[in-house]
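Overview (structure and organization)
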Amino acid sequence: MNRVAILAALILSACGAQDAPLISSRMISGDAIVEPLTKTTGDAIRGEKLFVSREEGHCILCHKVDGLEAEFQGDVGPDLSFVGDRFNAGQLRLRIADYQLVRPGALMPSYFRTHDLHQVGKAYVGETVLTAQQVEDIVAYLADRKTSDDDA
Amino acid sequence: MIRLAGLVSITLITACSATTEVSDVPELAAEDIVSASVFLNSETRALQEDTFANPGYLWVDRGEALFSQPPAAGPACITCHEKGLRGVAATYPAYDENIGQVLNLEGRINQCRVTQQSEPAWTFESDELLSITAYVANQSLGEPISVDVNGPARAVYEVGRDYFQTRRGQFNLSCQQCHTENWGKRLRGDTLSQGHGNGFPAYRLEWESLGSLHRRLRDCDTGVRAEPLPYGDPLYVALELYLAERSKGISIETPGIRR
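Per chain, residue numbering runs from 1 following the sequence as it is written. Labels are handed out in written order, letters beginning with A for the chains and numbers beginning with 1 for the ligands. Per-residue local features are limited, in this predicted model, to residues with pLDDT of at least 70; the limit for side-chain atom pairs, both in listing and counting, is 80 or more; totals at the level of whole chains, interfaces and linings are taken over all residues. To obtain the side-chain values, all non-hydrogen atoms of the structure were used and water was disregarded.

Focus on the overall build of chain A
The condition is simple: Working definition: helices are DSSP H or I runs of at least four residues, strands are E runs of at least two. Numbering for both runs from the N terminus. With a 1.4 Å probe rolled over the protein chains alone, any residue whose accessible area is under 20% of its type maximum counts as buried; one over 50% counts as exposed, and the rest are partly exposed. Residue contacts are defined here by distance: any two heavy atoms, one from each residue, within 4.5 Å place the two residues in contact.
Per the secondary structure count, chain A includes six helices and two strands. In chain A, the order of α-helices and β-strands from amino to carboxyl end is α-β-β-α-α-α-α-α. When each of the 152 residues of chain A is scored for burial, the buried share is 41%. Sequence separation of at least 24 residues holds for 54% of the intrachain contacts in chain A that already meet a minimum separation of 6.

Side note on the overall build of chain B
The following threshold applies: Every radius of gyration here is taken over C-alpha atoms, with the globule rule written as 2.2 Å times N^0.38, N being the number of residues. Accessible surface is estimated by sampling points in the Shrake-Rupley manner with a 1.4 Å probe; for residues, cover comes only from the protein chains shown. Counting rule applied: Lys, Arg positive; Asp, Glu negative; His and chain ends not counted. Where a charge sits is defined by one atom per residue type, namely NZ (Lys), CZ (Arg), CG (Asp) or CD (Glu).
Secondary structure summary: chain B contains 10 helices and seven strands in total. Against the compact-globule benchmark of 18 Å for 259 residues, chain B has a radius of gyration of 20 Å, which places it among compact chains. When the backbone C-alpha atoms are referred to their principal axes, chain B occupies close to 70 × 45 × 30 Å. Within chain B, the fraction of its 259 residues that count as buried is 52%. In chain B, the share of contacts with a sequence separation of at least 24, taken over all contacts with a separation of at least 6, comes to 69%. For chain B, the exposed surface amounts to about 12200 Å²; the carbon and sulfur share of it is 54%. Here chain B carries 23 positive and 33 negative side-chain charges, and the mean point of each set is 5 Å from the other.

Points about the nonpolar core
Quick reminder of the rule: Definition used in this section: a nonpolar core is a set of buried Ala, Val, Leu, Ile, Met, Phe, Trp, Tyr and Cys residues joined via side-chain atoms within 4.5 Å.
Judged by nonpolar contacts, the single largest core of 30 residues is most densely connected at Phe-51, Ile-96, Leu-130, Ile-138 and Leu-142 of chain A. If you list the elements that add at least two residues to this core, you get α2 (44–52), α4 (89–98) and α5 (132–143) of chain A. Here the element with the most residues in this core is α5 of chain A; it accounts for seven residues. Setting aside anything within four residues of it in sequence, one finds Ile-138 of chain A in contact with Gly-47, Leu-50, Cys-59, Ile-96 and Leu-130 of chain A. Grouped together as the second largest cluster of nonpolar side chains are 24 residues, Val-149, Ala-153, Leu-239 and Leu-241 of chain B included.

Some details on the side chain of Glu-240 of chain B
Residue and element names in this part refer to chain B. Defined as follows: By convention in these notes, a salt bridge is any Lys or Arg side-chain nitrogen within 4 Å of a carboxyl oxygen on Asp or Glu.
In this fold, Glu-240 is placed in helix α10 (residues 234–246). Put simply, Glu-240 is tucked away with no salt bridge, and the nearest opposite charge, on Arg-218, sits 13 Å away. Residues contacting Glu-240, with those up to four places away along its chain left out, are Pro-93, Asn-104, Leu-213 and His-214.

Quick notes on the packing of aromatic side chains
The cut-off we apply is this: Two aromatic rings from Phe, Tyr or Trp, using only the six-membered ring of Trp, form a pair when their centres are within 6.5 Å; if the ring planes differ by under 30 degrees the pair is stacked, by over 60 it is edge-to-face, and anything between is tilted.
With the rule as written, the count across this model stands at nine aromatic pairs over all chains. Ring plane angle 55° and centroid distance 5.4 Å describe the contact between Phe-51 of chain A and Tyr-141 of chain A, whose orientation is recorded as tilted. Taken together, the residues Phe-51 of chain A in helix α2 and Tyr-141 of chain A in helix α5 connect sequence positions 90 residues apart. Like Phe-51 of chain A, the residue Tyr-141 of chain A is buried in the burial classification. Ring centres 6.3 Å apart and planes at 50° place the aromatic pair Phe-39 of chain B and Trp-183 of chain B in the tilted group.

Considering helix α5 (residues 105–115) of chain B
All of the buried residues in α5 of chain B are Leu-105, Glu-106, Gly-107, Ile-109, Asn-110 and Arg-113 of chain B. Contacts from the buried residues of α5 of chain B go to β2 (101–103) and α6 (127–138) of chain B.

Focus on empty space enclosed by the protein
All names here are of chain B. How we decide: We place a 1 Å grid over just the protein atoms. Points where a 1.4 Å probe fits but has no way out form a cavity, open points with protein on both sides within 12 Å along at least 5 of 7 lines form a pocket, and any residue with an atom within 4 Å of a point lines it. Grid points are joined across faces, edges and corners, and a volume is the space filled by probe spheres set on the points. Each residue gets one of three labels, nonpolar for Ala, Val, Leu, Ile, Met, Phe, Trp, Tyr, Cys and Pro, charged for Asp, Glu, Lys and Arg, and polar for the others, Gly among them.
Using the criterion set out here, one finds one cavity of 30 Å³ or more in the structure. Space inside the largest cavity adds up to approximately 270 Å³. Considering the residues around the largest cavity, the lining is formed by 23 residues, among which Ala-89, Tyr-92, Gly-197, Phe-200 and Glu-240 are closest to the centre. Of all elements in the fold, only α5, α6, α9 (213–223) and α10 reach the threshold of two or more residues within the lining of the largest cavity. Per-element tally for the lining of the largest cavity: the top contributor is α10, with three residues. Here the residues of the lining of the largest cavity sort into 12 nonpolar, nine polar and two charged.

Notes on the pattern of salt bridges
Residues and elements named next belong to chain A. Following the criterion strictly, the structure yields 18 salt bridges over all chains and no others. For the salt bridge of Asp-43 with Arg-46, the shortest nitrogen-to-oxygen distance reads 3.8 Å. Residue class for Asp-43 comes out partly exposed when judged on its relative accessible area of 27%. Residue classification places Arg-46 among the partly exposed residues on the basis of a relative accessible area of 38%. Lys-64 is paired through a salt bridge with Asp-66; the nearest N and O atoms lie 2.9 Å apart.

Written out as structure tokens, the structure reads:
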């Protein structure tokens, strides 16, 4: 049986699927990652900066948030002005970290993933787009995007 | 034991290759196909159409001079192509029977340079190759793109289609997802085009220079954090053939102005 296992490992590494997902199936319940990825609670203010920053999150390339001070916000992805009304923190966490685990055809890139990727640029091999803490910061920012916040 | 191992490996190989989804992917509807120049603002589009102001014509003019200038050993291009090459660029990439390969326009020009002119091939993105390619492509200005993807070019076309439809890079995005499934939407200040190559070599405002389609493809791959392929790579030539077939009916705009 050992020989089969070795063969399987060889073939898997040949097709670049050697890494297990950073988000294990145990961490997912339904369409959410309920537990935060870090011990440090996400910071919504840092999250907003990441959301806009060209160098880091750059979420506004594809998404818009009303009232955010950033010109030319994209519309390839959904409008996130009130995304907190639709999704809780756990659902946002999965959608940012690795939504393709539950919806393989999703356009949304996986920001906390290193497994099963192809032709990755040399500078990014084995790296996630965002750190776990950055994911938590953006989750904190987006979970606050609620209609009630504007009414208050 | 051996049979079991064989079965495992076949299953795993199938699982691996399943990452390329080829069947049932949407294609551009024929009535929707538009050049990227449609998404330019009116001033930039006017700049493209003004042959005096369009900076790409600096390269076209240099290409015209090179076309009639004899190299050290062989004849000038114009000696054989005295009537010019109107319409030719609209049929490229094309299969070359003599070498049994699909060549893009740059490859065809270099092939001529080596075999007919006894000169070394020009390097990709050299001013000479850009200039002469722009000049030859510009002779097909307004000609509808019409490449042959049947016969010997078919397999290459399919390789290009696979490249287009395969997710890649750290962002795990395919060309297809942006340029077939989401064209027209806003990517910050830009509009996602349909990804046609009909303006190339094109003067890209971001480059402040004329550049080849392969340079543009490298930028796209870099954008999804994939490792870009070398200039002239057969995979990019295959992709170029797929793109040209996908652009059927829209016309050559070289030198296009692009953002």
